[in-house]
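Analysis of the macromolecular model
Here's the letter readout for the chains.
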Amino acid sequence: MAKTTSTPDGSGKASGAQKEKDAPPPPPEPLRVPVADSHTHLDMQSGTVEEALAKAASVGVTTVVQVGCDLAGSRWAAETAAAHESVWATVALHPNEAPRIVLGDPDGWSRQGARQPGGDAALDAALDRIAALAALPQVRGVGETGLDYFRTGPDGMAAQERSFRRHIAIAKEHGKALVIHDREAHDDVLRVLAEEGAPDTVVFHCYSGDAAMAKVCAERGYYMSFAGNVTFKNAQPLRDALAVAPLDLVLVETDAPFLTPVPYRGRPNAPYLIPFTLRAMAEVKGVPEDTLATAVAANTARVFGYGEGGGAS
């Protein structure tokens, strides 16, 4: 819904600038080699799932991975993947969700609104439900999980780490990819993975480390998924990381509706905008667009265990 601004006649109509900011960007030139959006949030985007998938497919984005961030969102992801041939799901409690369950959320910042503290027992019960969803065949990943020190302070770190460790165990139990959210917590994320023993497949969603960390990830066989922020002017460390990331460990994502790539930064993101990010990535890697698209398509299919053409198997 467009925000409104005060007008002399009191109409409250959205300004021209605001309307432009809220408007979906135009579709890019289609990719010649189809790829997947490895991380998106269709439940946070406008329009229907069917519209989003059709628009994405029209530009060569033929598969999407719908990511769960809480119990309701994870259930929705699993149901949506079951209903749509080109959608796969991941399920998890977002790192910032764990402290809300344990400590409460009096301000109602999350989609669930205000919540009372539930303690570790409530977190464990929620994780049991995530584990049950992770067993479903259309669920191909456990995530996004990990650590986030940007929004959660020291009082929530214990809950985050408890949750992260359990997600690692769930991924290993069901043989699913582990999809990691890592914000300002690089060293601790790598430490916990080492302490618990990483699953066979690990993806750093919206990769946020530097080139040195990318080399560590490459040594450990961790995949790195790059989002629209790799196109931002101030994101040279991300481009440096992408430059050293092996081609067979690179994915592309939108994290839509967030992180819309340049030249449409600040406007709503969606899977159909993947070509802008992929083309920028190809330039950084110094490879042809089709070469990167071919690698990304194969990598994503390998990570989430589906045929490159998408669809249920």
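Before going into details, it helps to say that this report is about the structure given with it.

Cut-offs used in this document
Residues numbered from 1 in each chain as written. Predicted model: local features only at pLDDT ≥ 70, side-chain atom pairs only at ≥ 80, totals over all residues. Heavy atoms only, no water. Phe/Tyr/Trp six-rings, centres within 6.5 Å; stacked < 30°, edge-to-face > 60°. Helix = DSSP H or I, 4+ residues; strand = E, 2+ residues; numbered from the N terminus. Buried < 20%, exposed > 50% of the residue type's maximum accessible area, 1.4 Å probe, protein only. Core = buried A, V, L, I, M, F, W, Y, C linked by side-chain atoms within 4.5 Å. Contact = heavy atoms within 4.5 Å. Polar contact = N/O pair within 3.5 Å; in protein donor to acceptor, adjacent residues only side chain to side chain. Pairing = 2+ DSSP bridges. Axes fitted to C-alpha atoms, helices over the stretch in contact; angles between N-to-C directions. Right-handed = clockwise from strand over helix to strand, strands pointing away. Salt bridge = Lys/Arg side-chain N within 4 Å of Asp/Glu carboxyl O.

1. Side note on the packing of aromatic side chains
Applying the stated criterion across every chain yields a total of four aromatic pairs. Summarising the aromatic geometry, the rings of Trp 88 and Tyr 306 are spaced 5.8 Å apart at their centres and angled 15 degrees between planes, so their arrangement reads as stacked. With Trp 88 in strand β3 (residues 87–91) and Tyr 306 in the segment after α11 (289–304), this pair connects stretches of sequence that are 218 residues apart. Considered together, Trp 88 and Tyr 306 belong to a single accessibility category, that of buried residues. When the centroid spacing of 5.5 Å and the interplanar angle of 45 degrees are considered together, the rings of Tyr 207 and Phe 226 count as tilted. Here Tyr 207, found in the loop between β6 (202–204) and α8 (211–220), pairs with Phe 226, found in strand β7 (residues 223–226); they are 19 residues apart in sequence, far enough to count as distant. Residues Tyr 207 and Phe 226 agree in their burial class; the two are buried.

2. Topic: the nonpolar core
Phe 164, Leu 178, Leu 193, Phe 204 and Tyr 207 are the most contacted members of the largest nonpolar core, which totals 85 residues. Per element, the largest residue contribution to this core is seven residues, and it comes from helix α5 (residues 119–134). Filtering out sequence-adjacent residues up to four positions away, Leu 193 remains in contact with Phe 164, Ile 168, Leu 178, Ile 180, Ala 198, Val 202, Phe 204 and Tyr 222.

3. Things to note about the side chain of Thr 254
Topologically, Thr 254 is positioned in the loop between β8 (250–252) and α10 (274–285). On the basis of relative accessible area, Thr 254 is assigned to the buried category, the value being 3%. At 3.5 Å, the side chain of Thr 254 forms a polar contact with the backbone oxygen of His 39. Setting aside anything within four residues of it in sequence, one finds Thr 254 in contact with Asp 37, His 39, Thr 40, Ala 227, Leu 259, Asn 269, Ala 270, Pro 271 and Ile 274.

4. As for the sheet that holds strand β4 (residues 139–148)
The sheet built from eight strands is open, its strands ordered β1-β2-β3-β4-β5-β6-β7-β8 with parallel pairing. The sheet terminates laterally at β1 (35–40) and β8, the two strands that pair on one side only. Between one strand and the next, the sheet's axes are offset by a mean angle of 30 degrees, whatever the strand orientation. The pairing of β4 with strand β5 (residues 177–183) spans six bridges and is classified as parallel. Each bridged residue has a counterpart across the sheet, and for Leu 147 the counterpart in β5 is Asp 182. Across the sheet, α8 is in contact with β5, β6 and β7; its angle to β7 comes to roughly 135 degrees.

5. Brief notes about the pairing of β1
Most of β1 is tucked away, with six of its six residues classed as buried. A crossover links β1 with its parallel partner strand β2 (residues 61–67), the connecting element being helix α2 (residues 49–57), and its sense is right-handed.

6. A word on the pattern of salt bridges
Scanning all chains against the criterion turns up 15 salt bridges. A salt bridge links Asp 70 to Arg 111; the shortest N-O distance between them is 3.3 Å. Note that Asp 70 is positioned in the loop between β2 and α3 (71–83) and Arg 111 in the loop between α4 (97–103) and α5, a separation of 41 residues in sequence. Judged by its relative accessible area of 5%, Asp 70 is buried. Here Asp 124 makes a salt bridge to Arg 162, at a shortest N to O gap of 2.8 Å.

7. As for the environment of Phe 204
Secondary-structure assignment places Phe 204 in strand β6. Phe 204 sits in the buried class, given a relative accessible area of 1%. For the pair Phe 204 and Leu 251, spaced 47 residues apart in the sequence, the C-alpha separation amounts to 9.4 Å. Discounting residues that sit within four places of it in the chain, Phe 204 has contacts with Ile 180, Asp 182, Val 189, Leu 190, Leu 193, Met 213, Cys 217, Tyr 222, Tyr 223, Met 224 and Ser 225.

8. Quick notes on the environment of Gly 146
Within the secondary structure, Gly 146 is located in strand β4. As for Gly 146 and Val 179, which are separated by 33 residues in sequence, their C-alpha atoms are 8.1 Å apart. With residues up to four places along the chain from it excluded, the contact list for Gly 146 reads Pro 95, Gln 160, Phe 164 and His 181.

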